[in-house]
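Spelled out from the first residue to the last, the chains are:
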Amino acid sequence: MTDGRAALHAKALELVQRNARARVRAPEFESGAAWLNTRAELAFSGALRGRLVLLEFWSASSVRCREARAELAELEREFAEHALTLVAVHVPSSESERERDHVRAALLRDERTHPVVLDSDLRFARRCGVTAWPAQTLVSPDGFVLGQVSGAGQRAVLSALTAAALELYGELGALDGAPPELALESRSELPRALRFPSKLAVDAASKRLWIADSGHHRIVECTLEGTYVRAFGCGEAGWVDGPAHTAKLRAPQGMALANGALLVADTGNHLLRSIDLATGVVSTVAGTGRAGLPLAGASAARTTALSSPYDLLRTSDTCYIAMAGAGQIWRWSERQAEFTPAASGPTEQHEQLVSPVALARAGDELLIADAGSDTLRALQLASGQLGSAGAAQHKPAQPLAVAIDADDADALAYVADGRSHQIALVASGDGALDAYAGAGVAGWLDGACEQAQFWTPSGLALCGDTLLVADSFNHAVRAIDLVAHEVRTLDTASIPLPRAPQAGVEFNARELPRTAGERDHGPRKARLPASGGALELALELGPGESLAPGAPSQYRVLRIDGVAAARQVAGALTGPSTRIEIGVAGAGRLEVQALLYTLDAQGACFARGHRWRVDVELDERAPARALRLVLER
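Residues numbered from 1 in each chain as written. Predicted model: local features only at pLDDT ≥ 70, side-chain atom pairs only at ≥ 80, totals over all residues. Heavy atoms only, no water.

J.: Would you take a moment to explain the overall build of the chain for this structure?
T.: If you tally the helices and strands in the chain, you get 5 helices and 41 strands. Relative to the globule expectation of 26 Å for 633 residues, the C-alpha radius of gyration of the chain, 26 Å, shows essentially globular dimensions. Counting only C-alpha atoms and orienting by the principal axes, one finds that the chain spans roughly 85 × 65 × 45 Å. Within the chain, the fraction of its 633 residues that count as buried is 56%. Here the analysis covers contacts within the chain between residues at least 6 apart in sequence; of these, 59% occur between residues at least 24 apart. A total of about 26000 Å² of accessible surface is found on the chain, and carbon and sulfur atoms cover 48% of it. (Helix = DSSP H or I, 4+ residues; strand = E, 2+ residues; numbered from the N terminus. Rg over C-alpha atoms; globule rule 2.2 N^0.38 Å. Buried < 20%, exposed > 50% of the residue type's maximum accessible area, 1.4 Å probe, protein only. Contact = heavy atoms within 4.5 Å. Areas by Shrake-Rupley, 256 points an atom, 1.4 Å probe, with all protein chains shown as cover.)

J.: How do you make sense of the sheet that holds strand E10 (residues 218-223) when you look at a structure like this?
T.: Taken in spatial order, the 4 strands make up an open sheet running E8-E9-E10-E11, and their pairing is antiparallel. What marks the edges here is a single partner per strand, and that holds for strand E8 (200-203) and strand E11 (228-232). For this sheet, the mean inter-axis angle between neighbouring strands, taken without regard to orientation, is 20 degrees. Of the pairings in the sheet, the one linking strand E9 (residues 208-213) to E10 comprises 6 bridges and is antiparallel in character. For Ala212, the partnering residue across the bridge sits in E10 and is Ile219. (Pairing = 2+ DSSP bridges. Axes fitted to C-alpha atoms, helices over the stretch in contact; angles between N-to-C directions.)

J.: I would appreciate a short explanation of the packing of aromatic side chains in the present structure.
T.: Here the distance between the centres and the angle between the planes together describe a pair of aromatic rings. The final tally for this structure, using the stated rule, is 9 aromatic pairs. Taken together, a centroid distance of 6.1 Å and an interplanar angle of 20 degrees make the contact between Phe57 and Phe124 stacked. In this pair, Phe57 is assigned in strand E2 (residues 52-58) and Phe124 in helix H4 (residues 123-127), connecting sequence segments 67 residues apart. Residue Phe57 is classed as buried on the basis of its relative accessible area of 0%. Measuring from centroid to centroid gives 6.5 Å for Trp332 and Phe339, while their planes differ by 40 degrees, and the two rings are tilted. Assigned by exposure class, Trp332 and Phe339 land together as buried. Members of the aromatic cluster, connected to one another through ring pairs, are Phe29, Trp35, Phe44, Phe57 and Phe124. (Phe/Tyr/Trp six-rings, centres within 6.5 Å; stacked < 30°, edge-to-face > 60°.)

J.: Any chance you could explain the sheet that holds strand E12 (residues 255-258) here in plain terms?
T.: Paired through backbone hydrogen bonds, the strands of a sheet run either parallel or antiparallel to each other. Reading across from one edge, E12-E13-E14-E15 is the order of the 4 strands in this open sheet, with antiparallel pairing throughout. A single partner strand is all that each edge strand has here, and the edge strands are E12 and strand E15 (282-286). Across the sheet, the axes of successive neighbouring strands diverge by a mean angle of 30 degrees, strand direction being ignored. Bridge analysis of strand E14 (residues 271-276) against E15 gives 4 bridges, and the strand direction is antiparallel. Directly across from Ser274, in E15, lies its bridge partner Ser283.

J.: Would you take a moment to explain the environment of Ala442 for this structure?
T.: The topology assignment puts Ala442 in the loop between strand E28 (433-437) and strand E29 (447-448). Using a relative accessible area of 35% as the deciding quantity, one classes Ala442 as partly exposed. Between the alpha carbons of Ala442 and Arg579 there is a distance of 35 Å; along the sequence they are 137 residues apart. Residues within four places of Ala442 in sequence aside, it is in contact with His421, Gln453, Phe454 and Trp455.

J.: Would you explain the side chain of Asp471 in this entry?
T.: Looking at where Asp471 falls in the secondary structure, it is placed in strand E31 (residues 466-471). With a relative accessible area of 0%, Asp471 lands in the buried category. Within the structure, Asp471 has its side chain in polar contact with the backbone nitrogen of Trp455 (distance 2.8 Å). (Polar contact = N/O pair within 3.5 Å; in protein donor to acceptor, adjacent residues only side chain to side chain.)

J.: Looking at this structure, I do not really get the environment of Ile275. What am I missing?
T.: Counting through the fold element by element, Ile275 comes out in strand E14. Its relative accessible area of 0% is what places Ile275 among the buried residues. Expressed as a C-alpha distance, the spacing of Ile275 and Arg187, which sit 88 residues apart in the sequence, is 33 Å.

J.: In this structure, what is going on with the packing of helix H2 (residues 63-78) against helix H5 (residues 155-171)? I would like to understand it.
T.: Describing two packed helices takes the angle between their axes plus the distance from one axis to the other. One way to put it is that H2 packs onto H5 with a least axis distance of 10 Å and a crossing angle of 30 degrees. Judged by the inter-axis angle, H2 sits roughly parallel to H5. Seen along the crossing, H2 lies across H5 with a hand that is right-handed. Taking contact as the criterion, the partners of Glu71, Leu72, Glu74, Leu75 and Glu78 in H2 are, on H5, Arg155, Leu158, Ser159 and Thr162. (Parallel < 35°, antiparallel > 145°, perpendicular 65-115°, else oblique. Left-handed = near helix turned anticlockwise from the far one by under 90°.)

As structure tokens, this is what we get:
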């Protein structure tokens, strides 16, 4: 142990011993609170007794919390063999974040594998003295507070406190608790073509769309209609350069085209990567792979540690980077191979950035979406002066993306608002901010802009009269016709999964998840006697196609209303035909859902969804029969 680490350990041990003697008891979790990733409610006096517990206070929409999550994941790996249990306490930042489904989606996005409790009314956080997040509280095996820190960048401190507490209570023989039994939500997540897509890039000349398929740790290239072309990254998180099919990225976000290459903000790796679009080779152009500090002056790109780069915007030979972790905008000179701060810093009138996550060019200004302060900011490119954009007086709930026609100085700007689940419109001149698309509630609905529904839109790309939207929590890309003012979902069914799904996936939810490009076969009618009938799901595959062996291809039959119902409401699809018996005590309406995984002749795996609505009428004169529903390509 180095002198510095030894000193930190000694100081941490002294703090832990002092707080242990103070005997400040941690409050118990709220009774009846919703839990995720665990089979039962947890308590310091129950399943957690005998375990050192690290409470992580986080919010699903907070960029800072996502940065802290990456640090705590390293801490979990460091102490994986010790009596340490991490419990994530979710504190909502908006009304929609009080909902279990929203927290569950964020849990899956962040790849959390520990117990999560929903503190929907913030009572537990207040009782713990937590008023801002991210924050972490360490609790002893007998339920007393040993220390508390706040903010991201606390890994070294938390590691020292945890090691000191394990040493102290290990010597006392107090670490005797078994880890709580987990029931991971990821075990019931069915694979999809896209998983939490984040940012988009588009090239009208080549008619190409690039999607940061963040949850699959890859970049997907498509046509403007969503037809698959190729992917960069093997689908596993990591830092590996090389050919497209073996390269590894980690939660990539923003992209920018540059001289035949696609620059990528490799957010989870704290790197800038470059994809040669001619060869598909992925290379690292800047960063060390570790999170760095805010930039004070010029620094060499190869040796500078980046801090959660989130979005890129390229002008001439300069690339602007939204450095979310550092709360800065950096300028990268490709010619000089160095970074410099792009903004002159805060003034008396304007505070510094908190978590900038998106950039757009607006004439001589750089429009910045600062998710950390829920504002739009403007950077004067010539002077480096940072100020407020016109729309700052009409604050979006949480700006996650911004798009504007760079060739039109008076163009309208579009803002993806992550908390209101809408696309807002910023008018030139007075900067008024108005809802343009989205009903203001989380959901998935195409149609007229004012009625359409999104779920945490986080990426925008403007191409002519079409605005493309990365609809992150819906795992889809949407297209808004700016002339007809209508929303549709791109058919991305041709995008293969990174790998064939494994057998053994659990699924206990009521409905199967929707997939982009899903076939809605519309209504069907069936007249059946009281003795019943059946549904026959018939599988039709193309040449060289087959069901992916061991994959969780399955069906659901949901009773919408009435008294007709399936005798078996769920099951596996394993062969060319599946028969589902229907009981008919009277008229009723059913929804039939199917999700199947197929392999093509080259072994690529695809997810395809199908839905029908079946209206059943009771007719004693009708013969008992099977209604054939075809699952075609």
